[in-house]
Amino acid sequence: MAALSATLPDDADVAVRVRGLVTGFGDHVLHDHLDLDVARGEILGLVGGSGSGKSVLMRTIIGLNPARAGSVSIFGQDALAADPEAQRALRRQWGVLFQEGALFSGLTVAENIEVPMREFLALPDAVMDGLAAARLRQVGLPAESCTKFPSELSGGMKKRAGLARALALDPPLLFLDEPTAGLDPISAAAFDNLIKLLKDTFGLTLFLITHDLDTLIAICDRVAVLGDGKVLACGTVDQLRAFDHPWVQEYFGGPRGRAATGDSTLWRTAATM
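The following paragraphs examine the structure supplied in this document. Residue numbers here run from 1 along each chain, matching the order of that chain's written sequence. With the structure being a predicted model, the display of local features is reserved for residues of pLDDT at least 70 and the display and counting of side-chain atom pairs for 80 or more, all residues being used for whole-chain, interface and lining totals. To get the side-chain values, all heavy atoms of the structure are used, and hydrogens and water are removed first.

## So, the overall build of the chain
Item 1. Scanning the chain from N- to C-terminus turns up 11 helices and 10 strands.
Item 2. What the globule rule says is 2.2 Å times the number of residues to the power 0.38, and the radius of gyration is computed from C-alpha atoms. For the chain, whose C-alpha radius of gyration is 19 Å, the value lies close to the compact-globule estimate of 19 Å for 273 residues.
Item 3. Principal-axis analysis of the C-alpha atoms gives the chain an extent of 55 × 50 × 35 Å.
Item 4. Counting only residues that meet the buried cut, the chain has 48% of its 273 residues in that class.
Item 5. Residues are treated as being in contact if the distance between any of their heavy atoms lies within 4.5 Å. Pairs at least 24 apart in sequence give 65% of the contacts found in the chain among residues at least 6 apart.
Item 6. When the accessible area of the chain is evaluated, it comes to approximately 12700 Å², of which 54% is carbon and sulfur surface.
Item 7. A residue counts as positive if it is Lys or Arg and as negative if it is Asp or Glu; His and the chain ends are not included. In this description, the location of a charge corresponds to atom NZ of lysine, CZ of arginine, CG of aspartate or CD of glutamate. With 25 positive and 33 negative side-chain charges, the chain shows a separation of 2 Å between the mean positions of the two kinds. Each helix is a run of H or I in the DSSP string that is no shorter than four residues. Each strand is a run of E no shorter than two, and both are numbered from the N terminus. Exposure is judged per residue with a 1.4 Å probe applied to protein chains only, and the accessible area is read against the type maximum: over 50% gives exposed, under 20% gives buried, and values in between give partly exposed. Each accessible area value is a Shrake-Rupley result obtained with a 1.4 Å probe; residue values ignore everything except the protein chains displayed when judging cover.

## Quick look at the pattern of salt bridges
Charged atoms that come close allow side chains of opposite charge to pair.
Item 1. Salt-bridge detection follows one rule: a side-chain nitrogen of Lys or Arg within 4 Å of a carboxyl oxygen of Asp or Glu. Within this structure, the stated rule accounts for 11 salt bridges.
Item 2. In this structure, E114 and R118 form a salt bridge, with 3.1 Å as the shortest nitrogen-oxygen distance. Taken together, the residues span about one helical turn, with E114 and R118 both in helix α3 (residues 109-120) at a distance of four residues.
Item 3. For E114, a relative accessible area of 2% translates into the label buried.
Item 4. Put simply, K199 and D200 hold a salt bridge, and the shortest N to O gap is 3.8 Å.
Item 5. Exposure remark for K199: the relative accessible area of 14% places this residue in the buried category.
Item 6. Overlapping salt bridges, with partners in common, bring together K196, K199, D200 and D221 in one network.

## Things to note about the sheet that holds strand β7 (residues 173-177)
Item 1. Strand pairing is assigned whenever DSSP detects at least two bridges linking the two strands. Pairing in this open sheet of six strands is mixed, and the strands run β6-β7-β8-β3-β9-β10 from one edge to the other. In the strand order of this sheet, the two ends are held by β6 (94-97) and β10 (230-235), each with one partner. Each neighbouring strand pair of the sheet contributes to a mean axis angle of 20°, computed without reference to strand direction.
Item 2. One ladder, built from four bridges, connects β6 with β7; its direction is parallel. Within β7, the residue paired with V96 across the bridge is F175. Between N-to-C directions, angles span 0 to 180 degrees; the directions come from axes that are lines fitted to C-alpha atoms, helices contributing only their stretch in contact.

## Here we look at the side chain of R160
Item 1. With respect to the secondary-structure elements, R160 resides in helix α5 (residues 155-166).
Item 2. One buried charge, R160, has no salt-bridge partner; the nearest side chain with opposite charge is D192, at 9.6 Å.
Item 3. Other than its neighbours up to four places away in sequence, R160 contacts V139, G140, L141, A190, F191 and L194.

Dropping the structure here:
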């Protein structure tokens, strides 16, 4: 089967376009002339083996990790531009949910959500407090969460608070790094449903790093597979199941991948092992 291309046609409505990206640490090259497109309005899942550079790719796209070569454009604008003012304006176009929520432990939940507002907006405290409360309602947290500290929240609540902060400036693009990691199956499914609801309601574009096969199947429009320094393939889960590559076959066609699709035969086989 021909490779499933990571790039979209030139006339496609693209939110994120990566071309020829090279990253690395010391003598180690992590991404070697990597290409990838994220269509406007889609949820793109990113998977890959441990050490394949998923989080580094995300951090490079948003400017937290330097690129050695290549280009990144977001909504048609150069995301790696040297002009600080242009970069600052572009940063308002996205929000980020880092692993574990990455909340500031010394700030309340409301104060965490207001961090981007204080950086980019000149608003009275009362207005920011109201916006923070509104963002919490959007992610399904009660109003009393505003005054709590991260240490007082459950794992699922921290994820939702982190998502509320990512939504603080009402961005059209979200980057989510392992949003359901560490959550129980019920909480993970509820978080998936929340992401899909927000995407459909606000027309968001999402770049989502995950190992959760249930998430990939439930909410992702396409999935990009990272390996060997490049995107090996990008397509629907069904297309990737048919892609002839050992890691991809094992990931999507192995026991966990088949179980995620509700293969009852697999469950019966596994139960007898």
